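These are the residues of each chain, in order.
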Amino acid sequence: MRELEERIKQEGIVREGNVLKVDSFLNHQCDVALYADMGDEWARRFAGRPVDKILTIEASGIGIACVAATRFNNTPVVFARKSQSINLDGEQYVARVHSYTHGNDNTVIVAKRFLNKGEHVLIIDDFLANGCALDGLIEICEQAGAIVEGIGIAVEKGFQPGGKRLREKGFDVQSLAIVKSMDAKTGKIEFE
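Residues numbered from 1 in each chain as written. Predicted model: local features only at pLDDT ≥ 70, side-chain atom pairs only at ≥ 80, totals over all residues. Heavy atoms only, no water.

**A short note on the side chain of Glu156**
In plain terms, the rule: A run of DSSP states H or I qualifies as a helix once it reaches four residues; a run of E qualifies as a strand once it reaches two. Both are numbered from the N-terminal end. Under this definition, polar contacts are N or O atom pairs within 3.5 Å; protein pairs additionally need one hydrogen-donor-capable and one acceptor-capable atom, and for neighbouring residues in sequence, both atoms have to be side-chain atoms.
Along the chain, Glu156 falls in strand S8 (residues 147-157). Reaching out from Glu156, the side chain makes a polar contact with the side chain of Arg167 at a distance of 2.8 Å.

Laid out in structure tokens, this is it:
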């Protein structure tokens, strides 16, 4: 998606350790018009697929998933929580995921009443690097007996193994911008 690539080139900041900051428009301050265009693109790419729920993980995926849901007949968005809360009650699906960004492990949780056997799920998230968060969301879908129809990613770090691994497992991963390389010293970002 050229529009997203251009925004990344203009406003993205490359940091050491393969970190790409896009917080001015994607995952801290939110450009809702850009989100809408991203939703349109995912709707085009996943056209004809049944989507009963959109699943994401807190926190950065929530806004993107909610706007994308408007392009999928306002389908409900469910987000996996990263911590137990007094508001989480009843039976739950639970998976462990490692956060590349935060460098720690999280238990992600979805209440069983929000994800049901046979439902068709589209997973949406902001970044794909190693794929650990997506592994957890896929595991939750498997626990529920839900069908993963596809995975929509805003920014994929194509030089890291997550996207390739998930595609090799047979998942339809549709990334709107795939970063081929980036250099913290020069700030240069190249796309596939």
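**What about helix H2 (residues 32-45)?**
Note the threshold: Working rule for helices: expected span equals 1.5 Å times residues minus one. Exposure is judged per residue with a 1.4 Å probe applied to protein chains only, and the accessible area is read against the type maximum: over 50% gives exposed, under 20% gives buried, and values in between give partly exposed. In this analysis, two residues are considered to be in contact whenever any of their non-hydrogen atoms come within 4.5 Å of each other.
The end-to-end C-alpha distance of H2 is 20 Å, a good match for the 20 Å that 14 residues give at a rise of 1.5 Å each. Regarding H2, the residues found buried are Leu34, Tyr35, Ala36, Met38, Gly39, Glu41 and Trp42. Each element contacted by the buried residues of H2 is listed here: helix H1 (2-11), helix H3 (60-69), strand S7 (120-128), S8 and strand S9 (173-182).

**Some details on the nonpolar core**
In plain terms, the rule: Take the buried Ala, Val, Leu, Ile, Met, Phe, Trp, Tyr and Cys residues and link them wherever side-chain atoms come within 4.5 Å; each set so joined is a nonpolar core.
In terms of nonpolar packing, the biggest core is built from 33 residues, with Leu4, Ile8, Leu20, Leu26, Met38, Trp42 and Val155 touching the most fellow members. Within the residue set of this core, elements represented by two or more residues are H1, H2, H3, S7, S8, S9 and strand S10 (189-191). Leave out the neighbours within four places in its chain, and Met38 touches Met1, Leu26, Ile64, Ala154 and Leu176. Residues Leu115, Leu134, Leu137 and Leu166 belong to the second largest nonpolar core, which totals 25 residues.

**Describing the pattern of salt bridges**
Short version of the rule: A carboxyl oxygen of Asp or Glu within 4 Å of a side-chain nitrogen of Lys or Arg is what we treat as a salt bridge.
A complete count under the given rule lists 14 salt bridges for this structure. Here Arg45 ties to Glu41 by a salt bridge, and the two come within 2.8 Å at their closest N and O atoms. In this pair, Arg45 and Glu41 both sit in helix H2, four residues apart, roughly one turn of the helix. Residue Asp135 pairs with Arg165 through a salt bridge whose shortest N-O separation is 3.0 Å. Of this pair, Asp135 sits in helix H4 (residues 132-144) while Arg165 sits in helix H5 (residues 162-168), and the two are 30 residues apart along the sequence. When its relative accessible area of 26% is taken as the criterion, Arg165 is described as partly exposed. Ionic contacts of the salt-bridge type, sharing partners, join the residues Arg7, Glu11 and Asp31 into one network.

**So, unusual backbone geometry**
Cis geometry is adopted by the peptide bond preceding Ala59, which originates at Glu58 and carries an omega value of 5°. Within the fold, Ala59 resides in the loop between strand S3 (53-57) and H3. Despite not being glycine, Asn74 shows a phi value in the positive range, around 55°. Assignment of secondary structure puts Asn74 in the loop between H3 and strand S4 (77-80).

**Notes on the packing of H2 against H3**
Describing two packed helices takes the angle between their axes plus the distance from one axis to the other. Definition in use: Think of each axis as a best-fit line through the C-alpha atoms, taken over the contacting stretch in the case of a helix, with angles from 0 to 180 degrees between the N-to-C directions. Our angle categories are set so that under 35 degrees counts as roughly parallel, over 145 as roughly antiparallel, 65 to 115 as roughly perpendicular, and the remainder as oblique. Crossings are sorted by hand: turned counterclockwise from the far helix by less than a right angle, the near helix makes the crossing left-handed, and turned clockwise it makes it right-handed. Classes in brief: Ala, Val, Leu, Ile, Met, Phe, Trp, Tyr, Cys and Pro nonpolar; Asp, Glu, Lys and Arg charged; the others, Gly included, polar.
Where H2 contacts H3, the axes come no closer than 8 Å and their chain directions differ by 60°. Looking at the two axes, H2 sits oblique to H3. Classified by chirality, the crossing of H3 by H2 is right-handed. From H2, Val32, Tyr35, Ala36, Met38, Gly39 and Trp42 reach across to H3, where they touch Gly63, Ile64, Val67 and Ala68. Class assignment of the residues belonging to the contact of H2 with H3 gives a composition of eight nonpolar, two polar and no charged.

**Description of the UniProt feature "binding site: xanthine" (unreviewed entry) in the chain**
To keep things clear, this is the line we draw: UniProt positions are given in the numbering used here, feature names are shortened, and annotations may be inferred rather than shown by experiment.
Mapped onto this structure's residue numbering, the UniProt feature "binding site: xanthine" (unreviewed entry) falls at Leu20, Asn27 and Lys157. Residue position: Leu20 is located in strand S2 (residues 19-21). What Leu20 contacts, discounting residues up to four positions off in sequence, is Ile8, Gly12, Ile13, Val14, Phe127, Val155, Lys157, Val179, Met182 and Ile189. Residue placement: Asn27 occurs in the loop between S2 and H2. In this structure Asn27 touches Val22, Tyr35, Ser60, Asp126 and Phe127, once residues within four positions along its chain are discounted. Here the side chain of Asn27 touches Asp126 through a polar contact of 3.4 Å, side chain to side chain.

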